[in-house]
Amino acid sequence: MIRYLSTRLRQSALTLFLVSVVVFAGIRALPGDPALALAGEERSPQALAAIRQAYGLDDTIVVQYGRFLGHALTGDLGTSARTGLPVLDSIAGALPVTLELATLSLLLAVVVGIGAGVVAAVRRGRPEEWLANAVALLGLSVPTFWLGIVLVLAFAIAVPVFAASGYVPFSADPLHNLRRMVLPAVVLGSGLAAVVMRQTRGAMLDNLSADYVRTARAKGLSRRQVIGGHALRNSLVTVVTVLGLQLGHLISGAVVTEQIFVLPGFGKLTIDAVFTRDYAMLQGVVLCTSAAYILINLLVDVLYSVIDPRIRLGGAR
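Throughout this document, residue positions are counted from 1 along each chain, in the order its sequence is written. Selection of residues for local features in this predicted model requires a pLDDT of at least 70, selection of side-chain atom pairs for listing and counting requires 80 or more, and totals for whole chains, interfaces and linings are taken over all residues. Here the side-chain values reflect all heavy atoms present in the structure, with hydrogen atoms and water set aside.

## Side note on a nonpolar patch on the surface
Here the term patch refers to residues with relative accessible area over 30% and no salt bridge, with like charges joined within 9 Å and nonpolar side chains (Val, Leu, Ile, Met, Phe, Trp, Tyr) within 5 Å. Only the protein chains shown count as cover for residues, and the accessible areas themselves come from Shrake-Rupley with a 1.4 Å probe. Counted as salt bridges are all cases of a side-chain nitrogen of Lys or Arg within 4 Å of a carboxyl oxygen of Asp or Glu. Nonpolar side chains collect at one region of the surface, where Phe 145, Trp 146, Ile 149, Val 150, Leu 153, Ile 157 and Val 256 lie side by side and expose about 670 Å² of accessible area between them. With 6 residues, the single largest contributor to the nonpolar patch is helix α7 (residues 144-158). Each helix corresponds to a stretch of at least 4 residues labelled H or I by DSSP, and each strand to a stretch of at least 2 residues labelled E; elements are numbered beginning at the N terminus.

Set out below in structure tokens:
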């Protein structure tokens, strides 16, 4: 276990380094001059030169990357050219919003997706399976932005049960927080729930026809024990893998969802940074997102051995 974790941590560090290189070079390949965006309409050559010197834009890209990497290793992601605030402080302020949205969306996807997948597999060929498949297909087909607009019109304007926009911290007012976070979580989690449902159904069908399930039934175990203790547990390996792989969709979908519901999370930071050519902010957001993605995939690998003891992280000899 320790050797495996050590190897994976080295791989993760190398991956994060390569991501930083790609992000740094890719952001600077964007069209437009950030100095022009910062100087505004009434700009002079002297102002542009001062801005380029202040933010190190006159240096070569190699020098800029070396300076960025050195500061990042000490926890300094730079200062936002748009707000003048430290990037780390801005990310710390937006992170709770995105984390709450992602957690609620993931919870919805797990509960609905796994539950519907199990029902569809157990009730194969019956109306329950047809309904689950139809709902899953709908969840995969409907665009996020369209679903968000429809939910706002239905449940925030026509029937004002939930709020259409804004954010209230959970610690300040739990009720108002949930009124503003339920609709975004449904929008973001619906597509993931559909994917989880289909993967759970497929894995459950394979396991329900396996020899060990027939043996468990022959031993006289109850239907609930066979489905929950044997078939579902072995199917969770596939489900956990899918959840890890779908994290990228969850993060990218949060950008659109947060814009629709005006949530001050990573989505707003990303969009504002792109439009204003805020290199430091965009780099910080992408790096934090990539680090989270790498960490989640590492945890998924560790969970394999917890879900299925037959899987050994270091490889069986």
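## Some remarks on the nonpolar core
In this text, buried Ala, Val, Leu, Ile, Met, Phe, Trp, Tyr and Cys residues form a nonpolar core when linked through side-chain atoms within 4.5 Å. Only protein chains enter the accessibility calculation, which uses a 1.4 Å probe. A residue is then buried if its area is under 20% of the maximum for its type, exposed if over 50%, and partly exposed in between. Within the largest apolar cluster, 30 residues are counted, with the highest numbers of intra-cluster contacts made by Leu 101, Leu 192, Val 196, Met 204, Phe 261 and Leu 263. Put simply, the parts of the chain that give this core at least two residues each are α5 (87-122), α7, α8 (174-208), α10 (223-245) and α11 (247-260). A per-element tally of this core places α8 first, with 11 residues. By definition in these notes, contact holds between two residues if any of their heavy atoms fall within 4.5 Å. Apart from residues no more than four positions distant in its own chain, Leu 263 is found in contact with Val 97, Leu 101, Gly 166, Tyr 167, Met 181, Pro 184, Glu 258 and Lys 268. With 14 residues, the next largest nonpolar core counts Val 87, Ala 273, Ala 280 and Met 281 among its residues.

## Observations regarding the pattern of salt bridges
If charged atoms from side chains of opposite charge come close, those side chains can pair. Under the defined criterion, the tally for this structure stands at 4 salt bridges. We note a salt bridge from Arg 123 to Glu 128, for which the minimum N-O separation is 3.4 Å. A residue is classified by how much of its surface remains accessible, and Glu 128, at 30% relative accessible area, is partly exposed. Glu 129 is the partner of Arg 201 in a salt bridge, and the nearest nitrogen-oxygen pair spans 2.5 Å. Within this pair, whereas Arg 201 is found in helix α8, its partner Glu 129 is found in helix α6 (residues 127-141), the two being separated by 72 residues in sequence. On the accessibility criterion, Glu 129 (5% relative accessible area) is buried.

## Comments concerning the packing of helix α9 (residues 211-218) against α10
What describes two packed helices is the angle between their axes and the distance between those same axes. Angles here are taken between N-to-C directions and fall from 0 to 180 degrees, while the axes themselves are lines fitted to C-alpha atoms, restricted in helices to the stretch in contact. Their axes nearest at 11 Å, the elements α9 and α10 cross at an angle of 170°. When the interaxial angle is binned, α9 and α10 end up roughly antiparallel. Between α9 and α10, the contacting residues are Tyr 212, Val 213, Ala 216 and Arg 217 on the first element and Val 226, His 230, Ala 231 and Asn 234 on the second. Side-chain classes are defined by residue name, with Ala, Val, Leu, Ile, Met, Phe, Trp, Tyr, Cys and Pro counting as nonpolar, Asp, Glu, Lys and Arg as charged, and the others, Gly among them, as polar. Looking at the contact of α9 with α10 residue by residue, the classes come out as 5 nonpolar, 2 polar and 1 charged. Orientation labels follow simple angle bins: below 35 degrees gives roughly parallel, above 145 gives roughly antiparallel, 65 to 115 gives roughly perpendicular, and whatever is left gives oblique.

## Looking at the packing of aromatic side chains
Two aromatic rings from Phe, Tyr or Trp, using only the six-membered ring of Trp, form a pair when their centres are within 6.5 Å; if the ring planes differ by under 30 degrees the pair is stacked, by over 60 it is edge-to-face, and anything between is tilted. In the structure shown here, the tally under the stated rule is 4 aromatic pairs. With a centroid separation of 5.3 Å and 75° between ring planes, the pair formed by Phe 24 and Tyr 65 is classed as edge-to-face. With a gap of 41 residues between them, Phe 24 in helix α1 (residues 2-28) and Tyr 65 in helix α4 (residues 61-73) connect regions that are remote in the sequence. Residue class for Phe 24 comes out buried when judged on its relative accessible area of 3%. Residue class for Tyr 65 comes out buried when judged on its relative accessible area of 13%. An angle of 50° between the planes, with centres 6.3 Å apart, marks the rings of Tyr 65 and Phe 68 as tilted. Here Tyr 65 and its partner Phe 68 are both found in helix α4, 3 residues apart, which amounts to about one turn of the helix. Among the aromatic residues, those joined into a ring-pair cluster are Phe 17, Phe 24, Tyr 65 and Phe 68.

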